[in-house]
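Fold and geometry: a report
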Amino acid sequence: MSTTSVVTLNKGRDAHLARLIEGLARGPAPAECIVVEMGTAPAPLPETPFPLRRVDFRSAGLPLAAARNAGRAAARGDVLVFLDVDCIPSAGLVPALAAAAAAHDALVCGPIRYLPAGAVHDGWREADLLEAGILHPARNFPEAGVRETKNAGLFWSLAFAVRAATYDRLGGFDEGYDGYGAEDTDLAFRAAEIGVPVLLAGAPPAFHQHHLSCDPPLQHFADILRNARRFRARHGIWPMDGWLDAFARLGLIAAEREPDITLLRGPSPEEIAAARLPPERPF
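Here we summarise the structure given alongside this text. (Residues numbered from 1 in each chain as written. Predicted model: local features only at pLDDT ≥ 70, side-chain atom pairs only at ≥ 80, totals over all residues. Heavy atoms only, no water.)

On to the side chain of N227, then. Counting through the fold element by element, N227 comes out in helix α7 (residues 221–235). Within the structure, N227 has its side chain in polar contact with the backbone oxygen of G181 (distance 2.9 Å). N227 has contacts with G176, Y177, D178, G179, Y180, G181 and A182, leaving out every residue within four places of it along the chain. (Helix = DSSP H or I, 4+ residues; strand = E, 2+ residues; numbered from the N terminus. Polar contact = N/O pair within 3.5 Å; in protein donor to acceptor, adjacent residues only side chain to side chain. Contact = heavy atoms within 4.5 Å.)

All right, on to the sheet that holds strand β8 (residues 134–135) then. The 4 strands are arranged β5-β12-β7-β8 in an open sheet whose pairing can be described as mixed. Here the strands that pair on one side only, and so sit at the sheet edges, are β5 (87–89) and β8. Pairing between β5 and strand β12 (residues 206–208): 3 bridges, direction antiparallel. Bridge pairing in β12 links I88 to F207. (Pairing = 2+ DSSP bridges.)

Time to look at the sheet that holds strand β3 (residues 52–56). As summarised here, the arrangement of the 8 strands in space is β3-β2-β1-β4-β10-β6-β11-β9, forming an open sheet in which the pairing is mixed. Only two strands of the sheet have a single neighbouring strand rather than two, namely β3 and β9 (146–149). Strand after strand, the sheet turns through a mean of 25° between neighbouring axes, direction not considered. As judged from the 4 bridges shared by strand β1 (residues 4–10) and strand β4 (residues 79–83), these two strands associate in the parallel manner. Paired with V7 across the strands is F82, a residue of β4. Running over the sheet, helix α2 (residues 64–74) touches β1, β2 (32–37), β3 and β4 and is turned about 145° from β2. (Axes fitted to C-alpha atoms, helices over the stretch in contact; angles between N-to-C directions.)

With that settled, consider the packing of α7 against helix α8 (residues 241–249). Two elements in contact, α7 and α8, have axes whose closest approach is 11 Å; the angle formed by their N-to-C orientations is 125°. The pairing of α7 with α8 is recorded here as oblique in orientation. In terms of crossing hand, the pair formed by α7 and α8 is left-handed. Between α7, through F221, I224, L225 and A228, and α8, the contact on the second element is made entirely by W243, L244 and F247. Counted by class, the contact of α7 with α8 contains 7 nonpolar, no polar and no charged residues. (Parallel < 35°, antiparallel > 145°, perpendicular 65-115°, else oblique. Left-handed = near helix turned anticlockwise from the far one by under 90°. Nonpolar A, V, L, I, M, F, W, Y, C, P; charged D, E, K, R; others polar.)

Further remarks concern the nonpolar core. Residues L83, L107 and F160 are the most contacted members of the largest nonpolar core, which totals 62 residues. Considering every element that reaches this core, the biggest residue donor is helix α3 (residues 93–103), with 6 residues. Ignoring anything within four residues of it in the chain, the contact list for L107 reads F155, F160, A161, V162, L170, L187, A188, A191, V196, P197, V198 and L199. Of all hydrophobic cores here, the second largest spans 18 residues; its members include F221, L244, A248 and A275. (Core = buried A, V, L, I, M, F, W, Y, C linked by side-chain atoms within 4.5 Å. Buried < 20%, exposed > 50% of the residue type's maximum accessible area, 1.4 Å probe, protein only.)

All right, on to helix α1 (residues 14–26) then. Its 13 residues give α1 an end-to-end C-alpha distance of 19 Å, which sits within 8% of 18 Å, the value for a rise of 1.5 Å per residue. For α1, the full list of buried residues reads H16, L17, R19, L20, I21, G23 and L24. Elements in contact with the buried residues of α1: β1, β2, β3, β4, β5 and α3. (Expected span 1.5 Å × (residues − 1).)

Before going further, it helps to examine helix α6 (residues 183–193). Taking burial as the measure, the 11 residues of α6 include 8 buried ones, the bulk of the element. Among the residues of α6, E183, D184, T185, D186, L187, A188, R190 and A191 are the ones counted as buried.

Looking now at the pairing of strand β11 (residues 198–201). With burial as the criterion, each face of β11 is covered, one bearing V198 and L200 and the other bearing L199 and A201. Note that strand β6 (residues 107–109) and β11 share 3 bridges and pair parallel. Across the sheet, V108 pairs through a bridge with L199, a residue of β11.

A separate point is unusual backbone geometry. Following D215, the chain continues to P216 via a peptide bond in cis, the omega torsion being 0°. Relative to the assigned elements, P216 resides in the loop between β12 and α7. Cis geometry marks the peptide bond from E258 to P259, where omega comes out at 0°. Summarising the element assignment, P259 is placed in the loop between α8 and α9 (269–274). Unlike most non-glycine residues, A182 shows phi in positive territory, near 80°. With respect to the helices and strands, the residue A182 is situated in the loop between α5 (164–170) and α6. The backbone phi angle of M240 is positive, close to 50°, even though this residue is not glycine.

It is worth spelling out the packing of aromatic side chains at this point. Scanning the entire structure with this criterion turns up 10 aromatic pairs. Judged by centre distance (5.1 Å) and plane angle (75°), the ring pair of F189 and F231 falls under edge-to-face. Placement of the pair is F189 in helix α6 and F231 in helix α7, with a sequence separation of 42 residues. The class of F189 is partly exposed, set by a relative accessible area of 22%. For F231, a relative accessible area of 1% translates into the label buried. Cluster of aromatic residues (ring-pair linked, three or more members): F82, F155, F160, Y167 and F173. Across from the ring centre of W124, 3.6 Å away, lies the NZ or CZ of R26, which sits over that ring. Note that R68 overlies the ring of F173, its terminal NZ or CZ placed 4.8 Å from the centroid. (Phe/Tyr/Trp six-rings, centres within 6.5 Å; stacked < 30°, edge-to-face > 60°. Lys NZ or Arg CZ within 6 Å of the ring centre and 35° of its normal.)

This is the structure in structure tokens:
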């Protein structure tokens, strides 16, 4: 019987982390949960019905690829379930994703319900989060079982499972992606090259906790340009094209991206503030 390691990354999202751990504790216990701490470690981790360990990976930025690999290096399970720190797992999410990954040599994505501001409070109930959460329209998950998608670009790293052996065969996330953006799409594209598909699982959801974000994500502008160029050099197409188009409309980069992105200027603090989503918009 396979064992499951849950891996999450944290940097200054201690309240979100506490809710993630609380959600895990309400379901069947995984073999362990690994918290990769990219910032200064907060108060000691809580008591849980499963082993909970912290990996110190303090970093200046957000080295998401390298941090996930550090989590994998510390994990002992046969199946890895990666959860973003702002995701509260429903009680059935982790066992459902782990079972699907054990049965299928694939990257198995779980559904996400995005919560509006104020939806999570002490004593939260899963039924209330189900009612408040909104599914993302870009991904059509089955009611049950798994559905393969031929579009590797639909892979997301918010909540996914993979066999540890498959993760190692892929070489994990490419640490050449420094910071935010495209590292997860690159993993899915490299998986497709060796016959490892992306599966959408009809599993109980994760609940994405509301936080300040921007559309487009101007706060990650430099990371996105750098990582887009790396992806293009490897795979021959531009990733994150919706964000790149938005940057062009703002006059930050040239509209024409061939043979390369032409940087015109960086975003101003005022533009970043104007891009912030209002509390009622979950994505």
